[in-house]
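Analysis of the macromolecular model
The chain contents come next:
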Amino acid sequence: MVCPECGFNDSKVVDSRPAETKIRRRRECLKCMWRFTTYETIEDFPLMVAKKDGTIEPFDSKKLTDKLLRSTVKRPVKLKTIENMVESIQSYFKNNLQREVTSDKLGEIVLRRLKDIDLVAYVRFASVYREFDNIDSFVKIISELREE
């Protein structure tokens, strides 16, 4: 951090504390000992989803949660499990600094995680996500699950 008094390029943090949506830091220049205050904000970027039709829209955790709830209707899956799954998927992309993800990749990650939670919900979600249009699609995915 550049000292506003002498322009020296190094300072130390004397005190830090949260201030609303920022972090307030008291700094001291290592050359002239001038004390000054800086405010830091956390950079938060929205995760964008590139859809199959070419449109791009912000990731909506509520929308994904709703779709997962539909696939788990009358299944022994707790709401907290679904919320944790959606949160961990969102964190996965943010931690990897991905600003944009395709709906295909997002769907595959959801399916992988859903497979570990409930197989019936997995088949239900897959039928919508992969756009099953005949009974053979269901038979194929169930056969794959049995082989595993």
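Residues numbered from 1 in each chain as written. Predicted model: local features only at pLDDT ≥ 70, side-chain atom pairs only at ≥ 80, totals over all residues. Heavy atoms only, no water.

Another point: the overall build of the protein. Regarding its fold elements, the protein presents 5 helices and 6 strands. Sequence-ordered secondary structure for the protein, helices as α and strands as β, is β-β-β-β-β-α-α-β-α-α-α. Relative to a compact globule of 148 residues, whose C-alpha radius of gyration would be 15 Å, the protein shows 24 Å and is clearly more extended. For the protein, the C-alpha atoms occupy an extent of roughly 75 × 35 × 25 Å along the three principal directions. Counting over 148 residues, the protein shows a buried share of 30%. Approximately 10300 Å² of the protein is accessible, and the part contributed by carbon and sulfur atoms is 50%. A gap of 5 Å separates the mean positions of the 29 positive and 25 negative side-chain charges of the protein. (Helix = DSSP H or I, 4+ residues; strand = E, 2+ residues; numbered from the N terminus. Rg over C-alpha atoms; globule rule 2.2 N^0.38 Å. Buried < 20%, exposed > 50% of the residue type's maximum accessible area, 1.4 Å probe, protein only. Areas by Shrake-Rupley, 256 points an atom, 1.4 Å probe, with all protein chains shown as cover. Lys, Arg positive; Asp, Glu negative; His and termini not counted. Charge placed at Lys NZ, Arg CZ, Asp CG, Glu CD.)

As defined by bridge partners, strand S1 (residues 11–19) adjoins strand S2 (residues 22–29) across 8 bridges and the pair is classed as antiparallel. Looking across to S2, one finds that Arg-17 is bridged to Arg-24. Both S2 and strand S3 (residues 35–41) contribute to a ladder of 7 bridges, which runs antiparallel. The residue bridging Arg-25 from the neighbouring strand is Thr-38, located in S3. Between S2 and S3, which follow one another and run antiparallel, lie 5 residues, and Met-33 among them has a positive phi close to 65 degrees. (Pairing = 2+ DSSP bridges.)

The next point concerns the side chain of Ser-103. With respect to the element layout, Ser-103 can be found in helix H3 (residues 103–117). When near neighbours in sequence (up to four residues on either side) are disregarded, Ser-103 contacts Val-49, Ala-50, Lys-51, Lys-52 and Tyr-129. (Contact = heavy atoms within 4.5 Å.)

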